[in-house]
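Each chain is listed here by its residues.
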Amino acid sequence: MGTSRRPGRRPGHDPACRGRGSGAAGLAAGLAAGLAAGLAAGLAAGILRAMRLSHLFFTTLRDDPADAEMPSHRLLVRAGYVRQLGAGIYSLLPLGFRVNKRVEQVIREELNAIGGQEMEMPVVHPADLWRETGRYDAIGPEMARFKDRADRDMVLAMTHEEVVADLLRDIVKSYRQLPMIVYHFQTKFRDEPRSRGGLIRVREFVMKDSYTCDRDEAGLDAAYWAHHRAYTRIFERLGLKAIPVSSDVGMMGGSLAHEFMVLNPAGEDELVICEACGYAANRQVAPTTVPAPAAEDLLPVGEVETPDTTTIDALATFLGVPTSRTAKAAFFVTGDGRFVVAIVRGDFDVNETKLVNAIKAVGGLRPAQVEEIRERGMEAGYGSPIGARDAVVVVDELAARSPNLVAGANRPGFHLRNVNVPRDYTPDMTADIANVREGDPCPNCGGPVILRNGIEVGNIFKLGTKYTKALGAEYLGEDGERHPIVMGSYGIGLGRNVACIVEAHHDDKGIAWPAEVAPYPAHLVTLGGSREPTVIETAETLYGAAAAAGPAREILYDDRDESPGVKLTDAELLGMPWILTVSPRSLAAGGVEVTNRATGERSVRSIDDVTAFLEGRAATPA
RNA sequence: CGGGGCGUGGCGCAACGGUGGCGCACGUGCUUUGGGAGCACGAGGUUGUGGGUUCGAAUCCCACCGCCCCGACCA
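In this text, all values refer to a predicted model and were calculated from it rather than measured experimentally.

A. Spotlight on the confidence of the model for chain A. Summing up the model confidence of chain A, the mean pLDDT is 89 and the portion of residues at 70 or higher is 91%. Reported for the predicted complex are a pTM of 0.89 and an ipTM of 0.93.

See the structure below:
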């Protein structure tokens, strides 16, 4: 173990530290045993200094790192838990590593409780496996690809459905082997176009991913909801207020999905939430249930000159009509080259996820170019489907039921009044493709919804048979027939959860870990030890008692020769649940000053009381 | 990939055409010890890289690399 207090290098400065995958998952199970062995060796050597701050591989920073904005990022760097190596790539220092392991252990316990079997699958995969399911071509540059020395195409794993399905086709023969749940903690690499927010969105990270394997839909349903319940318990234990929201199944395919979301202004997802009834959904899938306006007589179409009105606001202002009396046209091109015109009412925006799903757009959507629009007989800024050629026309349900709208004339500077569907143009499809707005009616109870940002801390997917069919993972049923295995897939990103825990558990002084995930249960501080030897003796005794009680009871011991201010502020920054202060003052008062980091409550407890806590005989020292 | 910002000791910053400094951190010694102590001495920098302009470049110009923020993107 390194004994330098000084990391002493810039990111990327030391080749020896470069490009390491975590390789951490395999250490998970062995951690406790390893620590125990290390402890024994330490005892034998009479050293026991690994948890002494004087030798801990870390450093605290007085100033916030300039590139950190979120509290979790700032504090985890300042307190010496993590260091950045590159964009979206972080090292976990010993303290951060321990927090990750605590989070991992919570997840492990809850997954084992629903019958999960822990295993480990590789980070490097042959590309051919991904070709079999079609994802080698379907997934873009976010998947890292390379060739091995024999010129074989390889990929870095973004996820492990392919490997699980590949194992299933080898191993599972009979319905008697199902159902089954496997999971692992493993490094994923996703070359995101943009990492951000410290540990919130990174490119390399450890994820817990589990996979359920069932005979049929009913089995999948049971496995899915078992995960739902396990996740609820996991996030509760982690100290996170995670709410399950309905979500898009996206590229994963499948029939049902939930994301567990923690509300945070920096979150990348928008959530539609009803505070009245508890309804919650990702905005990508939340249905629009705004009632259609009253029916009107359909008025004749009339062209009107509308100079410089390329935006809905300008148009509505110019004509003196509410935006809800206008039709907004948005132009897209699908990944496989189809041109799409999407019409929503002027007071709404197009929801691209809904649009993609409605038209089953292959390869997603991109905005169309002005020339492409013109080639189809339309005009950006003054567009409508009237006169459109070679275009898929999709109209939002609400827009279709709103009479006499102002729409583009496909001529610069002109619009058409009283456009009506289907009288004036024929859509290829009518679907809900509009974004829910704040204050719109809740799909469940009708009350007004609010919009909030959220960070996705976990997700659950009903995959169905997409991967098992592609790879031929079948079992022989009771009926003597072959059936594809029915899969589900479930993820939790560890680092992101750690960051979210800090987001939820910190104050202006630093981190305040929930006991369940704290790297150590307590932080022992000595003050005035150089002039009062009993201070050191007492602290050493307490530290020894904790160390002797086993790996789970190890505590941090600040044995540094620092001023009281440094030690106490560091203790608050690091955030162990209990700060134990031994000083001439505390000894005179009868023992050890015990501070609850989260609440700030202090009291003086006897050496015996504190020892009972350190040895695990009491739940708290206070 | 678009827009913006920034690269100077470990961290935070200054110097903006004329021999690179400050605070914190670090080392040694002394003093100090319940809220980021004091004094003294000291170590540490090819100013991201490459090219150009200039008598002279951290500073001006070009290119590249890297990082951050907004957007696009995103199981």
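B. Looking closely at the protein's contact with RNA strand B. Near RNA strand B, the surroundings consist of 47 residues, among which Arg62, Arg194, Arg201, Glu572 and Ser583 are the closest. The sugar-phosphate portion of RNA strand B accounts for 51% of its atoms within 4 Å of the protein, the bases making up the rest. In this structure, a sugar or linking oxygen belonging to RNA strand B sits 3.5 Å away from a main-chain N or O atom of Gly565. Arg585 places a side-chain nitrogen or oxygen 2.5 Å from a sugar or linking oxygen of RNA strand B. Of all the elements in the fold, those that place two or more residues in the surface near RNA strand B are strand 1 (82-86), strand 21 (450-464), helix 15 (564-574) and helix 16 (584-588). Examining the composition of the surface near RNA strand B, we find that 7 residues originate from one element, helix 15, more than from any other. Residue classes in the surface near RNA strand B are distributed as 13 nonpolar, 14 polar and 20 charged.

C. Structural context of the sheet that holds strand 18 (residues 405-411). On the basis of which strands lie adjacent, the open sheet formed by 3 strands has the order 13-19-18 and antiparallel pairing. Both outer strands of the open sheet, strand 13 (302-305) and strand 18, are each paired with one neighbouring strand and no more. With direction set aside, neighbouring strand axes in the sheet form an average angle of 35 degrees. Examined bridge by bridge, strand 18 and strand 19 (residues 414-419) share 4 bridges and lie antiparallel to one another. Along strand 19, the bridge assignment pairs Gly408 with His415.

D. Just the pattern of salt bridges, in detail. Considering all chains together, one arrives at 45 salt bridges under this definition. Arg437 is paired through a salt bridge with Asp347; the nearest N and O atoms lie 3.2 Å apart. Here the residue Arg437 occupies a position in the loop between strand 20 (429-431) and strand 21, and Asp347 occupies one in the loop between strand 15 (339-345) and helix 9 (352-359), the gap between them amounting to 90 residues. Measuring nitrogen to oxygen at the nearest pair gives 4.0 Å for the salt bridge that ties Lys509 to Glu572. With Lys509 in the loop between strand 25 (506-507) and strand 26 (510-511) and Glu572 in helix 15, this residue pair connects regions lying 63 residues apart in the sequence. Because the salt bridges share partners, they merge into one network encompassing Glu109, Glu110, Arg233, Arg237 and Glu516.

E. Region of interest: the sheet that holds strand 16 (residues 365-367). Pairing is mixed in the open sheet, where 5 strands are placed in the order 16-14-15-17-20. Every other strand in the sheet has two partners, leaving strand 16 and strand 20 as the edge strands with one partner each. Adjacent strand axes in the sheet meet at a mean angle of 35 degrees when their direction is disregarded. Inspection of the sheet shows strand 14 (residues 327-334) paired to strand 15 by 7 bridges, in the antiparallel sense. Bridge assignment links Val333 to a residue of strand 15, and that residue is Phe339. Those strands touched by helix 9 are strand 14, strand 15, strand 16, strand 17 (392-396) and strand 20, and its axis lies near 125 degrees from that of strand 16.

F. Highlighting the packing of aromatic side chains. Following the criterion strictly, the structure yields 10 aromatic pairs and no others. Consider the rings of Phe235 and Phe260, whose centres lie 5.6 Å apart with planes at 35 degrees: the pair is tilted. In this pair, Phe235 is assigned in helix 7 (residues 217-237) and Phe260 in strand 10 (residues 256-263), connecting sequence segments 25 residues apart. Since its relative accessible area comes to 1%, Phe235 is described here as buried. Ring geometry for Phe331 versus Phe339: centroids 6.3 Å apart, planes at 40 degrees, classification tilted. On the basis of relative accessibility, which here comes to 10%, the residue Phe331 falls in the buried class. In this structure an aromatic cluster arises from ring pairing among Tyr224, Trp225 and Tyr490.

Cut-offs and rules
- Residues numbered from 1 in each chain as written.
- Chains lettered and ligands numbered in written order.
- Predicted model: local features only at pLDDT ≥ 70, side-chain atom pairs only at ≥ 80, totals over all residues.
- Heavy atoms only, no water.
- pLDDT = per-residue confidence, 0-100.
- Near = heavy atom within 4 Å.
- Polar contact = N/O pair within 3.5 Å; in protein donor to acceptor, adjacent residues only side chain to side chain.
- Helix = DSSP H or I, 4+ residues; strand = E, 2+ residues; numbered from the N terminus.
- Nonpolar A, V, L, I, M, F, W, Y, C, P; charged D, E, K, R; others polar.
- Pairing = 2+ DSSP bridges.
- Axes fitted to C-alpha atoms, helices over the stretch in contact; angles between N-to-C directions.
- Salt bridge = Lys/Arg side-chain N within 4 Å of Asp/Glu carboxyl O.
- Contact = heavy atoms within 4.5 Å.
- Phe/Tyr/Trp six-rings, centres within 6.5 Å; stacked < 30°, edge-to-face > 60°.
- Buried < 20%, exposed > 50% of the residue type's maximum accessible area, 1.4 Å probe, protein only.

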